[in-house]
Amino acid sequence: MGHRRWQIDASDAMGRGIMVLDAVTGDVVWQAKYGATGGATCKGTPCQLSEMKYSIPADITLVDRNYDGLIDRLYAADLGGNLWRVDLATSISDWQVTQIAALGGTGTTKRKFFFPPDVVVTKNFDAVVAISGDREHPLLSNTANSVVNRFYMIKDTQVSGPSSSWVTVHDDTLTTANTKPADLYNATASVYDNSGRGFYMSLLGSGEKGVNAPTTFGGSVYFGTNRPIASTSLTCQANLGEARGYTVNFVTGASKSTVFDGGGLPPSPVTGVVEITHKDGNGDTTTSYVPFVIGGGGGTGADAKSALGGERVMIPIPTTKRRTYWYRLRD
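Every value quoted in this text rests on a predicted model; they were computed, and no experiment measured them.

**Student:** Mind laying out the overall build of the chain, listing which residues take part and the relevant values?
**Tutor:** Broken down by element type, the chain carries zero helices and 22 strands. Taken against the 2.2 N^0.38 rule, which gives 20 Å for 331 residues, the C-alpha radius of gyration of the chain at 22 Å falls within 12% of a compact globule. Dimensions of the chain, computed from the C-alpha atoms along their principal axes, are close to 70 × 70 × 45 Å. Relative to its 331 residues, the chain shows a buried fraction of 45%. If you take every contact in the chain between residues at least 6 apart in sequence, the share linking residues at least 24 apart comes to 51%. A total accessible area of about 17,200 Å² is found for the chain, and carbon and sulfur atoms account for 52% of it. Here the chain contributes 30 positive and 30 negative side-chain charges, whose respective centroids are spaced 5 Å apart.

Now the structure itself:
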């Protein structure tokens, strides 16, 4: 959803809502929006929530958890550092929206989400991953430069039904300090031990911020950051700041990063699978499928340092096999 301006420390006046429209008529089928008398969760339409007071500039993330071809949930992120979940049901009157995380922190300037969260479906929980950063204020002189931004993985354990009993995950720490929130494990320097309600990883570069959408592929989350760098009188080259590409294991929090040549704001990573057909000397053909990511900060040679570089993804699927026996009793 669009809005006219980004505010630093106050509630927004526009763009603070989620809408579902009829694709044919354009009519509003369902909506959630700010309401002074609401709370952090609401059922029906229109849903009014007192905590939905910040604009939502990012796309909405759609999830089909049971793989039946129908969307079960929506996830959204806003400029106040909040993550929202919408549960869809057969009857629109039963659609429900819940604030699953409030990660904006305390202080004059909040952590912001300009891009949608990504959601990874697992057996026992859905991993909701997001990276904070005020992309609209990337300069060294901006107030946003003092914010300690973070990558988050929130464990959404309400996998079998609506999130009516969900308790919002909080990061109420001061945004200008690297302090651990009570709800989350600090995976900045050590591997996640599966405690708490997820983990976070702080961006430790001064003024570093997430500037594109996190993309999960093959067990890893890819995203890019930028941090401003002080200009020098010894060069006339444009100073676009330092750009990095991150790769984070969404289960363990283990991470690595690469500095991109040229700086600037790297575009969101792109993933996919390319089909390759091989023909041998006898004319027989075989087909293989190769997963790849563009802009992930990996690869070799020039691709390793380019925000548009490509790399082959090695998906960590165990190769060890075990036998399974079965038998059938017969008369």
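**Student:** With reference to specific residues and values, describe the sheet that holds strand E11 (residues 150-156).
**Tutor:** With mixed pairing, five strands are arranged side by side in an open sheet as E9-E10-E11-E14-E13. Each having just a single partner strand, strand E9 (118-121) and strand E13 (185-186) make up the two edges of the open sheet. The pairing of E9 with strand E10 (residues 126-131) spans four bridges and is antiparallel. In the sheet register, Asp118 faces E10, and the bridge partner there is Val129.

**Student:** How would you explain the packing of aromatic side chains if you had to name every residue and give the values?
**Tutor:** With the rule as written, the count across this model stands at seven aromatic pairs. Between the aromatic rings of Phe151 and Phe223, the centroid separation amounts to 5.3 Å while the plane-to-plane angle is 10 degrees, which identifies the pairing as stacked. In this pair, Phe151 is assigned in strand E11 and Phe223 in strand E17 (residues 220-227), connecting sequence segments 72 residues apart. When its relative accessible area of 0% is taken as the criterion, Phe223 is described as buried. Centre to centre, the rings of Tyr185 and Tyr192 are 5.6 Å apart; their planes meet at 55 degrees, and the pair counts as tilted. Using a relative accessible area of 9% as the deciding quantity, one classes Tyr192 as buried. Three or more aromatic residues joined by ring pairs make a cluster, and in this case those are Phe151, Tyr185, Tyr192, Phe199, Phe223 and Tyr246. In this structure, Arg197 is placed above the aromatic ring of Trp166, and the distance from its NZ or CZ to the ring centre is 4.7 Å.

**Student:** I'd love a proper account of the pattern of salt bridges, names of residues and values included.
**Tutor:** Applying the stated criterion to the full structure yields ten salt bridges. Arg150 is the partner of Asp171 in a salt bridge, and the nearest nitrogen-oxygen pair spans 2.8 Å. In this pair, Asp171 is assigned in the loop between strand E12 (169-170) and E13 and Arg150 in strand E11, connecting sequence segments 21 residues apart. Judged by its relative accessible area of 0%, Asp171 is buried. Within this structure, Arg65, Arg73, Arg85, Asp87, Asp126 and Asp156 form a network of salt bridges that share partners.

**Student:** Give a detailed account of the layout of surface pockets, specifying residues and quantitative values.
**Tutor:** One way to see where empty space is left: roll a probe the size of a water molecule over the atoms. Roughly 240 Å³ of volume is contained in the largest pocket. If you trace the largest pocket, you find it lined by Gly218, Gly219, Ser220, Tyr222, Thr247, Asn249, Lys256, Glu311, Arg312, Val313, Met314 and Pro316. Among the elements of the structure, E17, strand E18 (242-249) and strand E22 (310-312) are those that each provide at least two residues to the lining of the largest pocket. In this structure, the second largest pocket encloses a volume near 190 Å³.

**Student:** Go over the pairing of E17 with me, naming the residues and quoting the values.
**Tutor:** Working note: regular strand, side chains alternate between the two faces of the sheet. Of all eight residues in E17, seven are buried; the element is thus mostly enclosed. Pairing of strand E15 (residues 209-210) with E17 involves two bridges; the strand directions are antiparallel. Of the residues in E17, the one forming a bridge with Lys209 is Asn226. Alignment of strand E16 (residues 215-217) against E17, held across three bridges, turns out to be antiparallel. The residue of E17 that forms the bridge with Thr216 is Val221. Pairing of E17 with E18 involves eight bridges; the strand directions are antiparallel.

Criteria and thresholds
Residues numbered from 1 in each chain as written. Predicted model: local features only at pLDDT ≥ 70, side-chain atom pairs only at ≥ 80, totals over all residues. Heavy atoms only, no water. Helix = DSSP H or I, 4+ residues; strand = E, 2+ residues; numbered from the N terminus. Rg over C-alpha atoms; globule rule 2.2 N^0.38 Å. Buried < 20%, exposed > 50% of the residue type's maximum accessible area, 1.4 Å probe, protein only. Contact = heavy atoms within 4.5 Å. Areas by Shrake-Rupley, 256 points an atom, 1.4 Å probe, with all protein chains shown as cover. Lys, Arg positive; Asp, Glu negative; His and termini not counted. Charge placed at Lys NZ, Arg CZ, Asp CG, Glu CD. Pairing = 2+ DSSP bridges. Phe/Tyr/Trp six-rings, centres within 6.5 Å; stacked < 30°, edge-to-face > 60°. Lys NZ or Arg CZ within 6 Å of the ring centre and 35° of its normal. Salt bridge = Lys/Arg side-chain N within 4 Å of Asp/Glu carboxyl O. 1 Å grid on protein atoms, 1.4 Å probe; cavity = no way out; pocket = protein on both sides within 12 Å on 5 of 7 lines; lining within 4 Å. Points joined across faces, edges and corners; volume = space filled by probe spheres on them.

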